[in-house]
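# Notes for the structure review
Single-letter residue listing:
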Amino acid sequence: MLHHTLQYLAVRVANGLLAVGTLSVFTHVLTTEQFGRYSLGLATANVIASIGFQWIAIAANRFHAGNDGDTRGLRRELRRLWLIAAAIIAALGATAAGLTSWSRADVSGATITLVTLAAIAMGLFNLQLQLVNAAGKPLQYGKLTVSRAALLLGLGYVLTHQGGAHDAVLFALGASALVATTSFGTTFLAVSGWSSDPEIRRKLVRFGMPLALVYAATMTIDMADRLLLGAIHGSAAVAGYSAAYDLAQQSLGALLNVFMLAGFPQVVAAWERNGAQGARLAFQPMINGVLLVGGAATSLFVGCATEVSHLIFSDHIAGQAKLVLPWIAAATAIGGLRNYLFDIALQLEHRTNSQFTITLVMAATNILFGVLLIPEYEARGAAWSAFGALTLGAACTAWTTRHLGFWKKLPVELVKIIACACVSIAGGEYVTGQWTLQPLNSVLALIVKGSMVMMLFAALALLLNAANARRSITLLIRRVSP
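As a starting point, this report considers the structure included with it. (Residues numbered from 1 in each chain as written. Predicted model: local features only at pLDDT ≥ 70, side-chain atom pairs only at ≥ 80, totals over all residues. Heavy atoms only, no water.)

### Concerning the nonpolar core
Among the nonpolar cores identified, the biggest contains 106 residues, and Tyr241 and Phe283 are the most heavily contacted of them. Among the elements that line this core, the one with the most residues is helix α9 (residues 235–303), at 31 residues. If near-sequence neighbours (up to four positions away) are discounted, Tyr241 is found in contact with Asp225, Arg226, Leu229, Gln320, Val324, Ile328, Ala379, Ala382, Ala383 and Ala386. In this structure, Ala57, Ile58, Ala86 and Leu204 belong to the second largest nonpolar core, which totals 20 residues. (Core = buried A, V, L, I, M, F, W, Y, C linked by side-chain atoms within 4.5 Å. Buried < 20%, exposed > 50% of the residue type's maximum accessible area, 1.4 Å probe, protein only. Helix = DSSP H or I, 4+ residues; strand = E, 2+ residues; numbered from the N terminus. Contact = heavy atoms within 4.5 Å.)

### Focus on unusual backbone geometry
With a phi close to 55°, Glu378 is a non-glycine residue in the positive phi region. Tracing the backbone shows Glu378 in helix α12 (residues 352–400). A relative accessible area of 37% places Glu378 in the partly exposed class. You will see that Asn465, though not glycine, has its phi angle at about 55°, which is positive. Inspection of the secondary structure puts Asn465 in the loop between α14 (442–464) and α15 (469–480). Judged by its relative accessible area of 22%, Asn465 falls in the partly exposed class.

### Comments concerning helix α11 (residues 315–348)
The first and last C-alpha atoms of α11 sit 46 Å apart over 34 residues, in line with the 50 Å expected at 1.5 Å per residue. Of all the bends in α11, the greatest, near 45°, is centred on Val324, and the proline Pro326 appears no more than four residues after it. Burial analysis of α11 places 25 of its 34 residues in the buried class, the great majority of the element. Backbone geometry just after α11 places His350 at a positive phi near 60°. (Expected span 1.5 Å × (residues − 1). Bend = angle between axes of the 7 residues up to and from the residue.)

### Section: the pattern of salt bridges
Taken as a whole and judged by the stated rule, the model has seven salt bridges. Between Asp246 and Arg226 there is a salt bridge whose closest N-O contact spans 2.9 Å. In this pair, Asp246 is assigned in helix α9 and Arg226 in helix α8 (residues 198–233), connecting sequence segments 20 residues apart. The class for Asp246 is buried, based on a relative accessible area of 11%. For the salt bridge of Glu413 with Lys416, the shortest nitrogen-to-oxygen distance reads 3.7 Å. Here the residue Glu413 and the residue Lys416 both occupy positions in helix α13 (residues 410–433), the gap between them amounting to three residues, near one helical turn. Given a relative accessible area of 17%, Glu413 falls into the buried group. (Salt bridge = Lys/Arg side-chain N within 4 Å of Asp/Glu carboxyl O.)

Structure follows, in structure tokens:
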């Protein structure tokens, strides 16, 4: 697993740098209002893609990873399901665009069309990613993701400088996903023949359809706060919050996702061969990695929220972003525990109905908190709502899967990681507070303070052996040594 983890880590680092660069460029070339509108369009496209297509992608990974034989029948059924979902979404999008032209809505029919096309392209792209991951091909995964991120940045920048605004960036969003997929993927579309396999289709639908409801509720958690912010305080109020949220997801969330990419196929294979006992052993490196990386990265974002925001975002967005980034980073880390550890246990047992129930409770909690907090506290209220909902969901999912024995040592290790994070943040703040960092430029200030936080976290993690840090460091050194 370590070999694949390092490869996926390299890919995620490249994607993370491109994503951060994209956020920085877009917040500078778009006005606050335009970036807010783009964020709302992106949020809507993500909602559509997740509800319409993500269940097909996760089902593909689940059954491909446990299938060592001919996968042509599986890919034919995936193609059939994807085409049906794409046709339905295209029809709904065309209807919505047509109705908008007859109304006085604040959104144009062109924007709705671009969001619909972007959602379909992202659905195709994400399905290809799952198939590549299930086949254990991190380099091809890298080609897909890096080419998409680079094209989004380049095309979006060019179009905005040609006079385009948020619609131009939404066009770049869909075009980049489509070009990357057609250049480096489409294996499930290219499979020969159209013969059907009802048994495979039933497996995919039975496993995946509850996940469509799960992702609908998940998107409510991820996007309801932005939509409420926009509805109550206007599009400009969404800009800083959305920028901070996307930064945390594209960096911290992407780092945690590395362990899912590298470990999930192996955990599924171990479960199929040896049941819970085999999966328990395969899970341990994922648990340690998520805890260590999540704790370290969260410490950096919380401790250096001001420096990170002013370095990456434009001045008119950084002021709001730095207020919510600590809460969003903590929420992202907790969401990573749930998504990349606890939810996997439910999927192994095919308990997607339980996953939906828990996610629905989270969504309801997030909306309730949002309605109560956002009118008065604006972006901070949205961040608090997300943090509370994700914490509740992680606790419920861990409790629901406790019988498998995956999480026996997790509470103690989690306490150690939280202690390391709190001490490193406080220590970094105290030590750097004795110096005058204000005259330093943003890059140097971030390097000084961030290095202090990371060194303190690493020293404490090794001292406490949090998440088996000593063994993890030893294995990593052995792996990279000549």
